[in-house]
Amino acid sequence: MLQIKVVNKGHQPLPQYATEQSAGMDLRANLDEPVVLKPLERRLIPTGLHIALPVGYEAQVRPRSGLALKKGVTVLNAPGTVDADYRGEVGVVLINLSQEVFVVNDGERIAQMVIAKHEQGQFVAVDVLDETERGEGGYGHTGVK
């Protein structure tokens, strides 16, 4: 299992996988007082966690499906990316897409974090690209099958 160094400056337990085959770990709000999210309001919610990922990895901050379905609250920049060289606090940008006020309480599971391997690419300028069957077909070009 990949080792990830973490400094927990908050008072919540460290994230952990809920089951043996879980892809994501729940992130919890680390708050001194509840945060009220009005309809369509967005806020950065602290977790208290500072991580050091190995080079070639990122942490993706994703919505929790239950919170999205039941309360209409989701991660605005989903998935948010935590880069391997970032050492600041991991925060979660929550938005309330419902028509009702939502209160974020201390310790509430607000998002999930997935650790993913990634590659870096380098753009190389060329005069022409190779031809494909799709060509320049845009969004929705392949239609509904």
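Residues numbered from 1 in each chain as written. Predicted model: local features only at pLDDT ≥ 70, side-chain atom pairs only at ≥ 80, totals over all residues. Heavy atoms only, no water.

(A) Structural detail: a nonpolar patch on the surface. Taken together, the side chains of V36, V101 and V103 make up a nonpolar region of the molecular surface, amounting to roughly 220 Å² of accessible area. With respect to the helices, strands and loops of the structure, V36 is situated in strand β3 (residues 35-37). Note on V36: relative accessible area 40%, which makes it partly exposed. (Patch = residues over 30% accessible without salt bridge, like charges linked within 9 Å, V, L, I, M, F, W, Y side chains within 5 Å. Areas by Shrake-Rupley, 256 points an atom, 1.4 Å probe, with all protein chains shown as cover. Salt bridge = Lys/Arg side-chain N within 4 Å of Asp/Glu carboxyl O. Helix = DSSP H or I, 4+ residues; strand = E, 2+ residues; numbered from the N terminus. Buried < 20%, exposed > 50% of the residue type's maximum accessible area, 1.4 Å probe, protein only.)

(B) Quick look at the side chain of N96. Note that N96 resides in strand β8 (residues 89-96). One polar contact links the side chain of N96 to the main-chain carbonyl oxygen of L37, over a distance of 2.9 Å. Setting aside residues up to four positions removed in sequence, N96 forms contacts with L37, K38, P39, L40, E41, K71, G72, V73, V101 and F102. (Polar contact = N/O pair within 3.5 Å; in protein donor to acceptor, adjacent residues only side chain to side chain. Contact = heavy atoms within 4.5 Å.)

(C) Quick peek at the pattern of salt bridges. This structure, assessed with the given rule, holds two salt bridges. The shortest N-O distance in the salt bridge between D26 and R109 comes to 3.0 Å. Taken together, the residues D26 in strand β2 (residues 24-28) and R109 in strand β10 (residues 109-117) connect sequence positions 83 residues apart. Looking at R109, the relative accessible area reads 35%, which means it is partly exposed. Through salt bridges that share partners, D26, R64 and R109 make up one connected network.

(D) Looking closely at the sheet that holds β10. The antiparallel open sheet is built from four strands, whose spatial order is β2-β10-β5-β7. Of all the strands in the sheet, just β2 and β7 (80-82) have a single pairing partner and so form its edges. Between one strand axis and the next, the sheet turns by 35 degrees as a mean value, whatever way the strands run. (Pairing = 2+ DSSP bridges. Axes fitted to C-alpha atoms, helices over the stretch in contact; angles between N-to-C directions.)

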